[in-house]
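Understanding the architecture of this molecule
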Amino acid sequence: MKNTLTITQPDDWHLHLRDGALLAAVVPESARNFGRALIMPNLTIPVVTYKDAVAYRGRIKDALPDGSSFKPLMTLYLTEKTDPNDIKKAYESGIVIAAKLYPAGATTNSALGIENFEKLQPVLECMADIGMPMCVHGEVTSHEVDIFDREAVFIDKVLDPLRRRLPSLKVVMEHITTAEGAAYARSDPGKLAATITTHHLMINRNNILAGGIRPHYYCLPIPKREKHRLCLIEAATSGNPCYFLGTDSAPHLDKSKESSCGCAGIYTASNSIPCLAEVFDRADALDKLEGFTSIFGANFYGLSPNKRKITLNKDLPVIFPQKIKTDDGPITLFNPNIDIHWKVTS
Ligand code: NCD
Ligand code: ZN
């Protein structure tokens, strides 16, 4: 039985850091275990231009603990008005490494997202030319489509046609939650990849809804049936480089989650790495953890893996704090609902 594991320092390829008091509280938590993170642009006023991204990156850096080497890699929020020249300038700076496509209304702060996908064609052509990946929130938003089917329908009705119009565009399917998502993600190696979150490997829809509504497990895309969770575990532990970690850690204040209309998003930045070690250990796949957390994402984005290593140790169950304090009130940390025996020790 393996009780110690040393791996290349992980990166988080999908992270929400917010702004203001939340930013100040969560940045040190991500910086503790992760070397870099791809920062999502869905602030209340989204990060739409290169100038917005530079300013937001400055605020993130100001919130880092002294001496931290954590590197925020920025994204731009695509709108129907995005200027291809601004996208190009942003990518060439090295500060912005991808652009994020939110279908309008799909999730938190996505009102400015895309309604007419064809309007994006000039921007996407520019991205394909310069090799800039598009990260996509892959859910349709129409009310006729059941919330549990929205990912599979998006692949058929939006993503596959979009990729056929522009086969050279690199695409990351963010936070996949279904067997269909996992199958599509592996269909075009090098051009197509998918992030998988910590929580979608650990919870299914029963965790949210059976025996009472648990708002801290509510997120988008919504966790699906157990058979889909098992497919995601199989994908994450397969060693296929098209699957890598994006925690989608998405902090909301407790008062926004515990409400008659609670926000979507689970805060997992503080305990993701121990949780993932537990998931991979239980799947007898600890040897596949490093690829998933620390190698495949960097490779897809054309970056080198981190030079630093981290060490995890397995021992008695670890007690995590239930809440993270912020100046605006508490945030609840993801409760993995199983004993986690792994701890990052250095
Ligand atoms: C995210 C958020 O709160 O910003 N919420 C979520 O449930 N994952 C947005 C997103 O990634 O969909
Ligand atoms: Zn997200």
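Let me begin by describing the structure that accompanies this report. (Residues numbered from 1 in each chain as written. Chains lettered and ligands numbered in written order. Predicted model: local features only at pLDDT ≥ 70, side-chain atom pairs only at ≥ 80, totals over all residues. Heavy atoms only, no water.)

Let's shift gears to the nonpolar core. Within the largest apolar cluster, 96 residues are counted, with the highest numbers of intra-cluster contacts made by Leu 78, Met 127, Met 134 and Leu 201. If we ignore the near neighbours within four places in the chain, the residues touching Leu 78 are Ile 87, Ala 99, Lys 100, Leu 101, Leu 112, Gly 113, Ile 114, Leu 120, Val 123, Leu 124, Met 127 and Met 134. Listed in part, the 17 residues of the second largest apolar core include Leu 38, Val 48, Ala 298 and Tyr 301. (Core = buried A, V, L, I, M, F, W, Y, C linked by side-chain atoms within 4.5 Å. Buried < 20%, exposed > 50% of the residue type's maximum accessible area, 1.4 Å probe, protein only. Contact = heavy atoms within 4.5 Å.)

This part covers the coordination of the zinc ion (ligand 2). Coordination sphere of the zinc ion (ligand 2), protein contribution only: His 14 (NE2), His 16 (NE2) and Asp 248 (OD), at 2.0 Å. In this structure, the zinc ion (ligand 2) is surrounded by 4 donor atoms whose angles at the metal cover 92 to 133°, and the resulting shape is tetrahedral. Taking relative accessible area as the criterion, Asp 248 reaches 6% and is therefore assigned buried. (Donors = N, O, S within 2.8 Å, 3.2 Å for Na, K, Ca; no water. Tetrahedral: all angles 85-135°; square planar, octahedral: opposite > 155°, others 65-115°.)

With respect to spatial proximity, 15 residues lie near ligand 1, and among them Arg 18, Asn 42, Thr 107, Leu 220 and Asp 248 are the closest. In the model, a nitrogen atom of ligand 1 is placed 2.7 Å from a nitrogen or oxygen of the Asp 248 side chain. Alone, ligand 1 offers 320 Å² of accessible surface; in the complex the protein occludes 100% of this. Under a 2 Å grid-point criterion requiring more than half of the atoms, the pocket assigned to ligand 1 is the largest cavity. (Near = heavy atom within 4 Å. Polar contact = N/O pair within 3.5 Å; in protein donor to acceptor, adjacent residues only side chain to side chain. Areas by Shrake-Rupley, 256 points an atom, 1.4 Å probe, with all protein chains shown as cover. 1 Å grid on protein atoms, 1.4 Å probe; cavity = no way out; pocket = protein on both sides within 12 Å on 5 of 7 lines; lining within 4 Å. Sits in = over half its atoms within 2 Å of the grid points.)

Here we come to helix α4 (residues 121–130). Along α4, the positions that sit buried rather than exposed are Gln 121, Val 123, Leu 124, Cys 126, Met 127 and Ala 128. Buried residues along α4 sit against α3 (84–93), β5 (96–101), β6 (134–136) and α5 (150–165). Looking one or two places after α4, you find Gly 131, whose phi comes out positive at around 85°. (Helix = DSSP H or I, 4+ residues; strand = E, 2+ residues; numbered from the N terminus.)

Here the structure, examined in full by the defined rule, presents 8 aromatic pairs. Ring centres of Phe 244 and Phe 300 lie 6.0 Å apart, and the angle between their planes is 40°; this geometry places the pair in the tilted category. Residue Phe 244 is located in strand β9 (residues 243–245), and its partner Phe 300 is located in helix α11 (residues 289–300); the two are separated by 56 residues in the primary sequence. Note on accessibility: Phe 244 and Phe 300 belong to one class, buried. (Phe/Tyr/Trp six-rings, centres within 6.5 Å; stacked < 30°, edge-to-face > 60°.)

The next point concerns the packing of α3 against α4. Axis separation between α3 and α4 bottoms out at 9 Å; the angle between their running directions is 30°. With respect to α4, the axis of α3 lies roughly parallel. Judged by the sense of rotation from one axis to the other, the crossing of α3 with α4 is right-handed. Contacts between α3 and α4 involve Pro 84, Ile 87, Lys 88 and Tyr 91 from the first element and Pro 122, Val 123, Cys 126, Met 127 and Ile 130 from the second. Here the contact of α3 with α4 is composed, by residue class, of 8 nonpolar, no polar and 1 charged. (Axes fitted to C-alpha atoms, helices over the stretch in contact; angles between N-to-C directions. Parallel < 35°, antiparallel > 145°, perpendicular 65-115°, else oblique. Left-handed = near helix turned anticlockwise from the far one by under 90°. Nonpolar A, V, L, I, M, F, W, Y, C, P; charged D, E, K, R; others polar.)

The subject of this paragraph is the sheet that holds strand β10 (residues 309–314). Strand order in this open sheet of 3 strands is β1-β10-β13, and the pairing throughout is antiparallel. Looking at which strands have only one partner, the edges of the open sheet turn out to be β1 (4–8) and β13 (342–344). Pairs of neighbouring strands in the sheet enclose a mean axial angle of 25°, with direction left out of account. In this structure, β1 lies alongside β10, joined through 5 bridges in antiparallel fashion. Along β10, the bridge assignment pairs Leu 5 with Leu 312. Along the sheet, helix α10 (residues 272–282) contacts β10 and β13; its crossing angle with β13, the most-contacted strand, is approximately 140°. (Pairing = 2+ DSSP bridges.)

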